[in-house]
Structures are given as C-alpha cells and as structure tokens.
Amino acid sequence: MTVSDAHLVPGQLVPSQRRGDDVVDWLTNGTRDERFIDNIFAQMCIRLQRAGIPVKRASLHVQINHPLWLGARILWSDGMEGSEIDRIDYDVGARSEFIGSPVSEIFHGADEIRETLTRDRALGRQHAVYDDMRAQGLTDYVAWPIFHTLGKRHCVTFATDRRDGFDEADIDALKQLLPVLALVSEIRIKNRLARTLLETYVGPHAGEMVLAGATRRGSGTTVLAAIMICDLRDFTRISDNWPRDDVIDLLNGYFDAMVEPITQHGGEILKFIGDGLLAIFPLSDPQACAKLLYAVTDARKAMAALNARNAEIGRAPLNYGIGVHLGDVMYGNIGSLSRLDFTVIGPAVNMASRMEALTKQVGRNVLLSRAFAEHLEGEFALERVGEYPVRGFSEPIELFAYEG
C-alpha cells in the first residue's frame, strides 16, 4: 500500500514481524508514487508508531543550495498527519538556536547524539532545544546523520515521551531505517533541487516545460505575449570605473528592483543580458498587459528607493529604459547541439529591443507600442509621443509613454 492508497491515522497499532521491518519495506517499495519528502516523513513516523516504536516527535534537517536559503527543517509531532516545513537562512550558523545544537553537532561530524531528558539538566548537554523538549514532556532524544552522495550530511532526529525512553529494540529499529531513508530522501531532494535550479535559471514556466520533456533543440511553441525589455543606462562607464564588488552590488540591487515586481505580477524573466533583462507576460492571462504596467509601476518605486539608498553612500542615481511590445513569439529551445537556451525569439522581441533603445532618443523611461496599448484594459495614463522609424523594420512605430 502506498501513501496515495490510504493515509494512516496516528496511534493505530498493527502487528509486525520485527519492530520496524514493515516501515523499512514500505520506504523501499511503497513510496514510489509520492513526490514530496515531507509527506513521506510524516507517514513514516505514523507507521513507526503503529509498529510499536514510541516516536512522539521527529525532524529531518536537509541542506540545499538554494539562492535564498541554505536548507529546510521538516518537523513532525504526534497527532499530525502531515509535516511542517521551515526554511533555513544562510546566516543560521551565527544564531544561538543553531550553535551547539544537536543538529549542529551532527553537521560538524558527530555520529550520534543521545540525550536522556529526564536526568538533571546540569548533567546533560546545555542547549535551549533540550529545554523545549523537556517542556513538551519528552524523555529521550536521539539524532543521527543521514548520508547522501559524496558524503553530504543531513540529520534526522527522534524523541519519545515514554517514561523509560527508547529501549534497545527501538534504537535498533530506528537505525535500520537510516540507509533507506537516505536513499528515499536524496531522490526527492534532488528532484526538488532540479526544479528549484531550473526555476532560478530559466524561470518557473520554462523550468516546468523542460522537466516535462521539452529538451530537444527546436522544440517549443508560438505564444502571444507582451514583451518587456529593460536596460540600465551608463553601465559601461560604471563597470569601467567602479570596483568589481561595487558593480556586482549595484547590478544585484537594480535587478532586485526590477525582477521582484515582474514575478509578483505574473511575468517571467527569460534572460539577463549583462545589465539588461527580457521578460514576457503571456496573453493566456486576460490581464497580462495591465499586470505588466503594474509591475513597471512597482519597479519604478523600487528604483526610486534604491537610488535614495545609493545617494546616502555617495552613489549617483541609476537610470533605465524599458521597451514594451506585443506579438507572437517562438518560445522554446534555441542553440547548439550540446548547449541550449530556453528563450523567445521573433520580430516582436526585436521590436521591443529597438523600442528600449528609442527611450534614449525620446527621453522617456518607458515606451509602449500601439499594439500593446490596444490590448490594455484598465485606467492607465498613456501619452502619445509620435511615430518613429525603427532599424530593421519598414514601417515606423507609434509610441506611447507611461509615467505611472
């Protein structure tokens, strides 16, 4: 029986040939259809209870190289049918809740941490996590490393409230789970990491398409979308004259100001090109054009705040140009046989790029095409600035400025 067949109820006991054998068999053969390690972990703990192993609390601590967080803690307690997940920031190593904790000891090389919580606390390890567990009525605690490929360490912990703590048979049963839990958790964590990395480097929608099998060169689809191209002004001069670390800090601040509003309003960043970016808002969403301008409005505010912070440390204000067009684009894999890029191409993308360049000539930060403006729903104050010839196109384009 798999997790998807039936979810177990905490506290229901079933006979077992040897304590923990059924749980090992289930981890090995019954979790193939379960994608998420937190669900597997919760069901494992419930099955341990049913096998007569008095687990009251358990946690799994995994280290994952995510751009924003170092790892995660998966926590299960008696009576829960699922697990809680807490993300762990990169600065956790400097925090009191981690320094000297059992998880810290495991990460730094310990093979086992065992603590009898009922003894005089002055005789045991001194850390707030043990006091918290005593306050919950727990009597015994054990932590072990979980090893993934190339010796990468994670950590699993178990605690009980049974008066005499875990007995020898309990510990043996829990230990026999560790190699199987390591295999099961590594597969799920790497699946999640692969998805996270794809979302980070190519965007959530493109990442989903790649994971679904869109990996061949030339594979893709035609999408009607609003295209947004943004470029930072005077970056060449800045990069030539500023220290390297200052340039990187400046670019990160600029991209934070631009990217967060785009993703929050449903756009997808497809490419960073030096100091520029390419984003699309597919018109499968009827509000895509309005959402793009909401993103521009929020990005403008974020850039103003960034310039205010930069002024406090003596930096000149940053300026930018944005070109926005609408049209059909080819969305898919482009590149060589061995190195592909998931992006959009087509005349509409080229036009958006030319419009971004025109912002310098026109003297406006944001220029919109008539094709985009005609699809716009909502109250937005647009100013017509005229028709302009565009390099590579036979007809001039009618432009509108947006200052919202």
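Note that this is a predicted model, so its numbers are computed, not measured.

Give me the lowdown on the overall build of the protein chain, citing residues and values where you can.
The number of helices and strands found in the protein chain is eleven helices and 14 strands. Looking at the 404 residues of the protein chain, the share that counts as buried comes to 48%. In the protein chain, the proportion of contacts linking residues at least 24 apart, taken out of those at least 6 apart, comes to 63%. Only carbon and sulfur atoms are counted for the fraction: they give 51% of the accessible area of the protein chain, which is about 20,300 Å².

How would you summarise the pairing of strand β9 (residues 276-282) if you had to cite specific residues and measurements?
Counting buried positions over the seven residues of β9 gives six, a clear majority of the element. Here strand β8 (residues 268-273) pairs with β9 via five bridges, running antiparallel. Of the residues in β9, the one forming a bridge with Ile273 is Gly276. A loop of two residues connects β8 with β9, the two strands running antiparallel in sequence, and Gly274 in this loop sits at a positive phi of about 65°.

If you had to explain the packing of helix α8 (residues 244-264) against helix α9 (residues 288-312) to someone new, which residues and values would you point to?
α9 packs onto α8 with a crossing angle of 155° between their chain directions and a minimal axis gap of 8 Å. As summarised for this structure, α8 and α9 are arranged roughly antiparallel, according to the angle between their axes. Like other packed secondary-structure pairs, α8 and α9 cross with a definite hand, here right-handed. Note on element contacts: α9 touches α8 through Ala295, Asp298, Ala299, Ala302, Met303 and Leu306, opposite Gly253, Tyr254, Ala257, Met258, Pro261 and Ile262. Of the residues contributing to the contact of α8 with α9, the split by class is ten nonpolar, one polar and one charged.

Outline the environment of Leu178, listing residues and values.
Here Leu178 is to be found in helix α5 (residues 168-202). Looking at Leu178, the relative accessible area reads 14%, which means it is buried. Measuring from C-alpha to C-alpha, the distance between Leu178 and Ile146 comes to 6.6 Å, with 32 residues separating the pair along the chain. Setting aside residues up to four positions removed in sequence, Leu178 forms contacts with Trp144, Ile146 and Val156.

Break down the confidence of the model for the protein chain for me, with residues and values.
In the predicted model, the protein chain carries a mean pLDDT of 87, and 87% of its residues have values of at least 70. Across residues 1-6, confidence stays below pLDDT 50; counting only partners more than four residues off in sequence or on other chains, it has twelve contacts. Residue range residues 13-17 is modelled with pLDDT below 50. Its contacts to residues more than four positions away, or to other chains, number eight contacts.

Lay out the sheet that holds strand β5 (residues 140-147) in plain terms, naming residues and giving numbers.
If you trace the six strands from one edge of the open sheet to the other, you get β3-β2-β1-β6-β5-β4, paired in antiparallel fashion. Each edge of the open sheet is held by one strand with a lone partner, namely β3 (84-88) and β4 (113-116). Pairwise comparison of adjacent strand axes, ignoring direction, gives a mean angle of 15° for this sheet. As paired elements, β4 and β5 share four bridges and run antiparallel to each other. Within β5, the residue paired with Arg114 across the bridge is Val142. Strands β1 (57-63), β4, β5 and β6 (153-160) of the sheet are contacted by helix α4 (residues 128-135), whose axis makes an angle of about 45° with β4.

Describe the nonpolar core, naming the residues involved and giving the relevant values.
Core analysis: the biggest nonpolar cluster contains 43 residues, and Tyr254, Met258, Leu277, Leu292, Leu293 and Phe372 have the highest contact counts within it. Looking at this core element by element, the count peaks at ten residues for α9. Residues contacting Phe372, with those up to four places away along its chain left out, are Ala226, Cys289, Leu292, Leu293, Val324, His325 and Leu326. With 39 residues, the next largest nonpolar core counts Leu27, Phe41, Ala173 and Leu178 among its residues.

Provide a residue-level description of the environment of Arg163, including the pertinent values.
As for its position among the elements, Arg163 is in the loop between β6 and α5. Between the C-alpha atom of Arg163 and that of Asp140, which follows or precedes it by 23 residues, the distance is 8.7 Å.

Lay out the pairing of strand β2 (residues 71-77) with the relevant residues and their values.
Across the seven residues that make up β2, a large majority, five, are buried. Strand direction decides the pairing type here: β1 and β2, joined by seven bridges, are antiparallel. By the bridge assignment, His61 is partnered in β2 with Arg73. Hairpin connection from β2 to β3: six residues lie between these consecutive antiparallel strands, with Gly79 at a positive phi of about 95°.

Rules behind the numbers
- Residues numbered from 1 in each chain as written.
- Predicted model: local features only at pLDDT ≥ 70, side-chain atom pairs only at ≥ 80, totals over all residues.
- Heavy atoms only, no water.
- Helix = DSSP H or I, 4+ residues; strand = E, 2+ residues; numbered from the N terminus.
- Buried < 20%, exposed > 50% of the residue type's maximum accessible area, 1.4 Å probe, protein only.
- Contact = heavy atoms within 4.5 Å.
- Areas by Shrake-Rupley, 256 points an atom, 1.4 Å probe, with all protein chains shown as cover.
- Pairing = 2+ DSSP bridges.
- Axes fitted to C-alpha atoms, helices over the stretch in contact; angles between N-to-C directions.
- Parallel < 35°, antiparallel > 145°, perpendicular 65-115°, else oblique.
- Left-handed = near helix turned anticlockwise from the far one by under 90°.
- Nonpolar A, V, L, I, M, F, W, Y, C, P; charged D, E, K, R; others polar.
- pLDDT = per-residue confidence, 0-100.
- Core = buried A, V, L, I, M, F, W, Y, C linked by side-chain atoms within 4.5 Å.

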